[in-house]
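# Reading the structure
Residues per chain, in single letters:
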Amino acid sequence: TETQVKAKGTIKRPTALFIDKSSSMTEAIEVGKQVGSLVSGITEADLFVYAFDTMPYEIKPKGKSLADWENALKHINPGNCTSIGCPFVPMIKQKQYVEQVIVITDGEENTNPRFVNAWKDYSEKVGIDPSVIVMKVRGYRSIFEDELAKAGIDHQVYEFRGDYYSLPEIVPLLTHLNRLELLMEVMSTP
C-alpha cells in the first residue's frame, strides 16, 4: 500500500493537519491517525498536526507508521466544544508556514476562534492564503463548508464514508499546486 501511495505523488507543499477531537469525534480521531500516517509517509515538506476542541493540542509522532500515529494520539479523546480555527493561534506564534490545511471534522463549529476568522488572521500575519481540504466524517453539517465558500477561501471537500482503504484518494488533492493543475492532469488522461 505504501508503494502504491508513493506512486501517486509526493507532497511538496508545507501542510497542516487539523483533527477534530470535540464531543463525539471518535471517528475524526481514527481517520486522523490514518491520514497522518499516509501524509507523513509521502511529504517532503513540513507537516504540522493539531488535534483540537476549544484549544489546540500539537501532535508530534516519533515516526511515520500507523503505530507511531496511534501512539501519538492515544491520549486524545473526544470531548468539549469545537473551535476549528484555534490551531492557527500557535501556528502564528511559532511562525509555522503552510500552504494547505487538511481539516478532519463534522463541521459543527460553535466556539471562537472560528476557522474563517483565524484563517484570515493567519493569512495576513504569515503572508499566505493556504488552501483547505475538508474531510467530512459522519454527521457532517455543511455550515462550515458554506462559511468557507462565503469567505472566498479556496477549499475542496472529501467525504469519508467509513472506508479506510479509500483514503489514498486524497493524495492527488495534496500533491498538486492548485485545482487548475489537477484539472489539467485529469483532462490529459486518456
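Keep in mind that what you see is a predicted model, and the values were worked out from it rather than measured.

A word on the nonpolar core. Grouped together as the largest cluster of nonpolar side chains are 29 residues, with contacts concentrated most on Val31, Val35, Ile104 and Met135. Counting only elements with at least two residues in this core, the list comes to strand E1 (15-20), helix H2 (26-42), strand E2 (47-52), strand E4 (100-105), strand E5 (131-136) and helix H7 (171-175). The leading source of residues in this core is H2, at seven residues. Discounting residues that sit within four places of it in the chain, Val31 has contacts with Ile104, Met135, Val137, Phe160, Tyr164 and Leu167. The next biggest cluster of nonpolar side chains, apart from the first, holds 25 residues, and it includes Phe18, Phe48, Phe88 and Leu148.

A word on the pairing of strand E3 (residues 56-59). Alignment of E2 against E3, held across four bridges, turns out to be antiparallel. Its bridge partner being in E3, Val49 is matched across the sheet by Ile59. The hairpin formed by E2 and E3 contains three residues between the paired strands.

The strand order across the open sheet formed by six strands is E3-E2-E1-E4-E5-E6, and the pairing between neighbours is mixed. The open sheet terminates on both sides in strands that have one partner only, identified here as E3 and strand E6 (155-159). Going from strand to strand, the sheet's axes swing by 20° on average, the running direction of each strand aside. In terms of strand pairing, E5 meets E6 through five bridges, oriented parallel.

This paragraph deals with the packing of aromatic side chains. Evaluated as defined, the whole model comprises seven aromatic pairs. Both rings, one in Phe18 and one in Phe115, keep their centres 6.5 Å apart while their planes meet at 70°; by these two values the pair is edge-to-face. Of this pair, Phe18 sits in strand E1 while Phe115 sits in helix H5 (residues 115-126); the two residues are 97 residues apart in sequence, bridging distant segments of the chain. A relative accessible area of 0% means that Phe18 is categorised as buried. When the centroid spacing of 5.3 Å and the interplanar angle of 55° are considered together, the rings of Phe88 and Phe115 count as tilted. Taken as a pair, Phe88 in helix H4 (residues 88-93) and Phe115 in helix H5 lie far apart in primary sequence, 27 residues in all. Residue classification places Phe88 among the buried residues on the basis of a relative accessible area of 0%. Ring pairs connect the aromatic residues Phe18, Tyr50, Phe88, Phe115, Tyr122 and Phe144, which therefore count as one cluster.

All right, on to the pattern of salt bridges then. Taken as a whole and judged by the stated rule, the model has nine salt bridges. We note a salt bridge from Asp53 to Lys21, for which the minimum N-O separation is 2.9 Å. With Asp53 in the loop between E2 and E3 and Lys21 in the loop between E1 and H2, this pair connects stretches of sequence that are 32 residues apart. Summarising the burial analysis for this pair, Asp53 and Lys21 share the class buried. Put simply, Asp121 and Lys125 hold a salt bridge, and the shortest N to O gap is 3.2 Å. Taken as a pair, Asp121 and Lys125 lie in helix H5 at a separation of four residues, close to a single helical turn. Asp121 gets classed as partly exposed once you look at its relative accessible area, which sits at 29%.

Each value, and the rule that gives it
Residues numbered from 1 in each chain as written. Predicted model: local features only at pLDDT ≥ 70, side-chain atom pairs only at ≥ 80, totals over all residues. Heavy atoms only, no water. Core = buried A, V, L, I, M, F, W, Y, C linked by side-chain atoms within 4.5 Å. Buried < 20%, exposed > 50% of the residue type's maximum accessible area, 1.4 Å probe, protein only. Helix = DSSP H or I, 4+ residues; strand = E, 2+ residues; numbered from the N terminus. Contact = heavy atoms within 4.5 Å. Pairing = 2+ DSSP bridges. Axes fitted to C-alpha atoms, helices over the stretch in contact; angles between N-to-C directions. Phe/Tyr/Trp six-rings, centres within 6.5 Å; stacked < 30°, edge-to-face > 60°. Salt bridge = Lys/Arg side-chain N within 4 Å of Asp/Glu carboxyl O.

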